[in-house]
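Structure assessment
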Amino acid sequence: MRRRARVAVIVFVVISIFLDLTALAEDQEQPTIVVGYIPLLAQLPLVVSYENDRVNYSHTVVKLVRFRSFASLEAALRVGAVDAADLPLAEVLSIVADHIPIKIIGQYHSGGSVFESLEMKSVAESKGKIIGVPGLRSAENLEIIRILSAQNLRYGLDFKTIKVPFNTVLKSLKAGKINAIFFPEPYGSIAENDGTARQMETHEKTPVRVLTSVLAIRSELLEEKYKMALGEWLSSLARSCLFIEEDIASLSARQTAIIQEPYFGFPRELVSSSLVNRRGMIRFLYEKPDKKMIATYQQRFLDAKILTDRVDIDTLVSNANLQPNDLSSQ
């Protein structure tokens, strides 16, 4: 009996070691990609991708981490706490200027921010006003400067912009601390629904495509050992964009509204309405980085003194020729 017991113990130990080694091998074969996100409708593809494909990955393990602000998400990317993040372009350029190795690998949405005020009907009434934006390095701040410059209003002299946290923007608007907001959805929709604000006319005959943010990753993810993992995740992200667009067209974005709820926490009806009405001209499509557009934005950031250091765009997006499907099929 004792001999049998010893054999049983030995077999148990061998099996345990085998299982541990197998699990370790699987972990080594499936690198983890940690993705940071902020609850904004523009970042919907990140959670849709995760929800739809997380159990189907064969080359990677994706983990989602929620952040409350672009500042905290940027800090996490800087120190390597996350591997990938969708950040305002100016923040990405700032990280690169500090010699931190990251790359822009694409963009999966455009637009999605709305100019709102209760006391003003048009942007032409912005003289002497204070406008809340998600950050002074945000695309929204740059866009406000562009729009109001067309109305012969000078930044810092005729109007002022201030950074307002996402969790206090509506309180600040109600309290009169700011006169208007230019914020990503769904904050404009929330403000309209409770009567705090209404969308303003911009007087632009031809709406301008706005590059609100870009998808940035730690440069390490472009190494050979991450190639299959990165490709699989990017393919999933590209599919999630198509999923959202098809959902908007055929089901009034109801599926997307359900998926976002545990991650973003916004009311389903609010999300559906914002997407169906294309608030801020929002669109979802995974695309390679547009070097020319990024260079144009960098110059505008420099001209507005939002940034002070120029970075090499060619180096920053040097691996942008990698396509999601091409990567995942290799």
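Everything here concerns the structure above.
Residues numbered from 1 in each chain as written. Predicted model: local features only at pLDDT ≥ 70, side-chain atom pairs only at ≥ 80, totals over all residues. Heavy atoms only, no water.

Quick look at the overall build of the chain now. Check the secondary structure of the chain and you find 13 helices and eleven strands. When burial is assessed residue by residue, the chain has 51% of its 330 residues classed as buried. Of the contacts made within the chain by residues no fewer than 6 positions apart, 77% connect residues no fewer than 24 positions apart. For the chain, the accessible surface area stands at approximately 16000 Å², while carbon and sulfur atoms represent 53% of it. (Helix = DSSP H or I, 4+ residues; strand = E, 2+ residues; numbered from the N terminus. Buried < 20%, exposed > 50% of the residue type's maximum accessible area, 1.4 Å probe, protein only. Contact = heavy atoms within 4.5 Å. Areas by Shrake-Rupley, 256 points an atom, 1.4 Å probe, with all protein chains shown as cover.)

Strand order in the open sheet formed by six strands is β2-β1-β3-β10-β4-β11, and the pairing between neighbours is mixed. Where the open sheet ends on each side, the last strands, each with one partner, are β2 (61-66) and β11 (283-287). Averaged over neighbouring strand pairs, the angle between their axes works out to 30° when direction is ignored. Relative to β11, strand β4 (residues 102-110) is paired through three bridges, and the arrangement is antiparallel. Of the residues in β11, the one forming a bridge with His 109 is Phe 284. Here helix α4 (residues 89-97) sits on the sheet in contact with β3 (84-87), β4 and β10 (214-218), set at roughly 180° to β4. (Pairing = 2+ DSSP bridges. Axes fitted to C-alpha atoms, helices over the stretch in contact; angles between N-to-C directions.)

In this section: the packing of helix α2 (residues 44-53) against helix α9 (residues 254-264). Axis separation between α2 and α9 bottoms out at 10 Å; the angle between their running directions is 95°. What the angle tells us is that α2 and α9 run roughly perpendicular. Counted together, Leu 44, Val 47, Val 48, Tyr 50, Glu 51 and Asn 52 of α2 and Thr 256, Ile 259, Gln 260, Tyr 263 and Phe 264 of α9 form the full contact between these two elements. Among the residues forming the contact of α2 with α9, the class breakdown is seven nonpolar, three polar and one charged. (Parallel < 35°, antiparallel > 145°, perpendicular 65-115°, else oblique. Nonpolar A, V, L, I, M, F, W, Y, C, P; charged D, E, K, R; others polar.)

So, about the packing of helix α8 (residues 227-251) against α9. In a pair of packed helices, the angle between the axes and the distance between the axes together describe the arrangement. Between α8 and α9, the shortest axis-to-axis distance is 7 Å and the interhelical angle comes to 125°. As judged from the angle between their axes, α8 and α9 are oblique. Contact residues: Phe 243, Ile 244, Asp 247 and Leu 251 in α8; Arg 254, Gln 255, Thr 256 and Ile 259 in α9. Of the residues that constitute the contact of α8 with α9, the class distribution is four nonpolar, two polar and two charged.

Let us look at the environment of Glu 143. Tracing the sequence through the fold places Glu 143 in helix α5 (residues 139-149). By relative accessible area, Glu 143 is classed as buried at 4%. Sequence-wise, Glu 143 and Phe 182 are 39 residues apart; in three dimensions their C-alpha atoms are separated by 8.9 Å. Residues within four places of Glu 143 in sequence aside, it is in contact with Phe 182, Val 210 and Arg 300.

Moving on: α9. Three or four residues apart is the spacing at which side chains of an α-helix point the same way, because the helix has 3.6 residues per turn. Within α9, the full set of buried residues consists of Thr 256, Ala 257, Ile 259, Gln 260, Tyr 263 and Phe 264. In a view along the axis of α9, the buried residues occupy a sector of 165°, so they form one face of it. On its buried face, α9 is in contact with β1 (32-37), α2, β2, α8 and α10 (268-276). Trailing α9 by a residue or two, Gly 265 shows a phi angle of about 85°, which is positive. (Arc of directions from axis to C-beta.)

With that settled, consider unusual backbone geometry. Cis rather than trans, the peptide bond between Glu 185 and Pro 186 has omega equal to 15°. Along the polypeptide, Pro 186 turns up in the loop between β8 (180-184) and α7 (187-193). Unusually for a residue other than glycine, Arg 278 sits at a positive phi of about 50°. Following the sequence through the fold, Arg 278 ends up in the loop between α10 and β11. Its identity is not glycine, yet Lys 305 carries a phi of approximately 60°, on the positive side.

This next bit is on the nonpolar core. Leu 89, Trp 233, Leu 275 and Phe 301 are the most contacted members of the largest nonpolar core, which totals 87 residues. The leading source of residues in this core is α8, at nine residues. Looking at which domains feed residues into this core, each of domain 1 (31-108 + 212-329) and domain 2 (113-199) gives three or more. Here Trp 233 is in contact with Ile 33, Val 35, Leu 46, Ser 49, Tyr 57, Val 62, Ala 84 and Leu 215, once residues within four sequence places are set aside. Ranked by size, the runner-up nonpolar core spans 13 residues in total, among them Phe 115, Val 133, Phe 159 and Ala 180. (Core = buried A, V, L, I, M, F, W, Y, C linked by side-chain atoms within 4.5 Å. Domains from an automatic or database assignment.)

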